[in-house]
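Coordinate analysis (summary)
Below, each chain spelled out in residue letters.
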Amino acid sequence: MKEFGYQRASDVAGAVALLGAEPDARFLGGGTNLVDLMKAGVERPARLVDVRELPLGQVEPTPEGGLHVGATVTNAELAAHPEVRRRYPALAQAVLSGASGQLRNMATVGGNLLQRTRCGYFTDVTQPCNKRVPGSGCPAVEGEHHNHAILGATDHCVAVHPSDMAVALTAFDAVVHFEAADGAGELPLGDLYLPVGDTPHRETALPPGALVTGVTLPPAPAAANSRYRKVRERASYAFAIGSVAAALDVRDGVVRDARLALGAVASRPWRAVAAERVLTGAPATPQTYAAAADAELATARPLPRNAYKVDLVRNLVVAVLTELVEEATR
């Protein structure tokens with residue numbers, strides 16, 4: 001591991017200033033992703049700016065009826081919060097499915113959103129990778145890609161985003177707040193992650209040196225009837241090969257509101273807009289759920305060894321939506 005400096009920030013403005021003074025610095029939250037990448041030689045920061053003691057560790061109601069989650073709230077605290085469990089249960093389920101208890105106790109909300117892909121070519125510095133070294137190529141296209149993207153990928157990168165939390169937040173129209181050198185700003189979570197295009201090394205729309213300070217969940221009555229389901233290759237401590245965050249508001253047998261996001265299928269959490277259009281106003285039946293899944297997956301472009309994801313995600317969407325409606329009508 002390359003030698004690095006360390007400094008603890010005492011306030012948000014000071015943290016941003018420290019990073020601005022040293023562009024090769026990185027913010028350190030729980031470190032559950034960054035430190036691993038430093039050990040592998042993928043990340044080589046000159047300095048770590050520790051932000052864990054900043055006053056960003058609260059989950060609070062908003063005047064509009066939503067929730068604001070500070071960036072240094074740990075995953076464990078978020079999943080255990082009674083208002084999160086009551087009003088956005090899919091979010092709590094997503095966090096609990098994301099890692100071991102030890103990691104959840106350390107990992108922070110801000111760090112979770114900004115974690116890097118777990119693609120083996122990205123984490124192996126002996127291999128080419130456009131995300132790590134722009135222009136070097138994407139060996140996953142012809143190589144090992146059984147858990148890679150089927151939506152929104154290009155020949156420049158077929159990696160997937162690893163966050164479970166971000167999938168649920170995407171379904172609930174969360175807004176990310178940040179502090180940059182020129183002041184505070186915010187981005188809808190759906191706009192935070194950039195499309196792959198031919199610049200996969202540019203992952204987010206955050207300004208350079210920006211610090212994520214929190215996430216706001218707007219009020220969403222449908223979110224109380226929500227679920228997160230993750231499929232993985234082993235029962236614990238594994239990243240998804242496919243996941244669904246879904247919320248439904250069904251009245252008189254008709255879908256009045258639908259929220260749907262997919263995970264482990266693209267370089268970013270995938271908001272299933274086409275599926276939501278099919279669901280809204282349609283009968284709450286398995287046939288409708290299947291049609292919605294088919295509409296979303298119509299643009300899927302699987303690689304030779306990950307085509308299984310199309311059927312997996314289709315079946316997952318139908319199963320989760322069916323269970324949500326059955327639960328709501330018991």
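The structure under discussion appears in the preceding block.
Fair warning: this is a prediction, and the values are worked out from it, not measured in the lab.

Next up on the list: the overall build of the protein. When its secondary structure is counted, the protein shows 13 helices and twelve strands. For a compact globule of 330 residues, the expected C-alpha radius of gyration is about 20 Å, and the protein comes in at 20 Å, within 12% of that figure. Overall, the protein is about 60 × 50 × 35 Å in size when its C-alpha atoms are taken along their principal axes. Within the protein, the proportion of its 330 residues that are buried is 52%. For the protein, the share of sequence-separated contacts (at least 6 apart) that also reach a separation of at least 24 residues comes to 63%.

Here we come to the sheet that holds strand E2 (residues 25–28). Read from one edge of the open sheet, three strands run E1-E3-E2, paired in parallel fashion. Looking along the sheet, the strands with just one partner apiece sit at the ends: strand E1 (5–8) and E2. Taking the axes of each pair of neighbouring strands and ignoring which way they run, one obtains an average angle of 25° across the sheet. One ladder, built from four bridges, connects E1 with strand E3 (residues 47–50); its direction is parallel. Opposite Arg8, over in E3, you have Asp50 as the bridge partner. Relative to E2, helix H1 (residues 12–21) is tilted by about 150°, and along the sheet it contacts E1, E2 and E3.

What follows concerns the sheet that holds strand E5 (residues 67–70). Each strand in a sheet pairs with its neighbour through backbone hydrogen bonds, running either in the same direction (parallel) or in the opposite one (antiparallel). Across the sheet, which stays open at both edges, the five strands sit in the order E4-E5-E8-E6-E7 with antiparallel pairing between neighbours. The outermost strands of the open sheet, each flanked by one partner alone, are strand E4 (59–61) and strand E7 (183–188). Within this sheet the neighbouring strands show an average axis-to-axis angle of 25°, counted without direction. Taken together, the five bridges between strand E6 (residues 175–180) and strand E8 (residues 211–217) define a ladder with antiparallel strand orientation. By the bridge assignment for E8, Phe178 is matched with Val212. Along the sheet face, H1 touches E6 and E8 and points at about 135° away from the line of E8.

Attention shifts here to the pattern of salt bridges. Counted by the stated rule, this structure contains 18 salt bridges. Here Arg52 and Asp50 are joined by a salt bridge, their closest N and O atoms 2.6 Å apart. On the basis of relative accessible area, Arg52 is assigned to the partly exposed category, the value being 35%. Since its relative accessible area comes to 1%, Asp50 is described here as buried. Arg116 serves as the salt-bridge partner of Glu203, at 2.8 Å between the closest nitrogen and oxygen.

This part takes up the side chain of Asn306. The residue Asn306 is located in the loop between helix H12 (286–297) and helix H13 (308–328) in this model. Within the structure, Asn306 has its side chain in polar contact with the backbone oxygen of His148 (distance 3.0 Å). Looking at Asn306, its side chain comes within polar contact range of the main-chain nitrogen of Leu303, at 2.6 Å. Setting aside residues no more than four positions away along its own chain, Asn306 makes contact with His145, His146, His148, Ala149 and Ile150.

On the secondary structure map, Asn75 appears in helix H3 (residues 75–80). Given a relative accessible area of 6%, Asn75 falls into the buried group. With residues near it in sequence (within four places) discarded, Asn75 still touches Val95, Arg104, Ala107, Thr108, Val109, Asn112 and Met165.

Moving on: H13. Helix length check: H13, at 21 residues, gives a terminal C-alpha distance of 31 Å against a target of 30 Å (1.5 Å per residue), a fit within 8%. The set of residues buried in H13 consists of Lys309, Leu312, Val313, Leu316, Val317, Val318, Val320, Leu321, Thr322, Leu324 and Val325. Looking at the buried side of H13, the elements it contacts are strand E9 (226–232), strand E10 (240–251), strand E11 (254–263), helix H11 (273–279) and H12.

Conventions adopted
- Residue positions are counted from 1 within each chain, in the order its sequence is given.
- Given that the model is predicted, a residue must reach a pLDDT of at least 70 before its local features are reported, and side-chain atom pairs must reach 80 or more before they are shown or counted; all residues, however, enter totals for whole chains, interfaces and linings.
- Note: side-chain values were computed over all heavy atoms of the structure, leaving out hydrogens and water.
- Strands are runs of DSSP state E lasting at least 2 residues, helices are runs of H or I lasting at least 4, and numbering of each runs from the N terminus.
- Only C-alpha atoms enter the radius of gyration, while the globule expectation follows 2.2 Å times N to the 0.38, with N the number of residues.
- Partly exposed residues are those whose accessible area sits between 20% and 50% of the maximum for their type, while under 20% is buried and over 50% is exposed, using a 1.4 Å probe and protein chains only.
- Between two residues, a contact is recorded if the distance between any of their heavy atoms is within 4.5 Å.
- Each pair of strands is called paired provided DSSP finds at least two bridges between the two strands.
- Axis geometry follows a simple rule: fit a line to the C-alpha atoms, using only the stretch in contact for helices, then measure angles between N-to-C directions, giving values from 0 to 180 degrees.
- One speaks of a salt bridge when a side-chain nitrogen belonging to Lys or Arg is within 4 Å of a carboxyl oxygen belonging to Asp or Glu.
- Throughout this description, a polar contact denotes any pair of N or O atoms lying within 3.5 Å of each other; where both atoms belong to protein, one of them has to be capable of donating a hydrogen while the other can accept it, and for residues adjacent in sequence the pair is counted only when both atoms sit in side chains.
- Given the number of residues in a helix, its expected span is that number minus one, multiplied by 1.5 Å.

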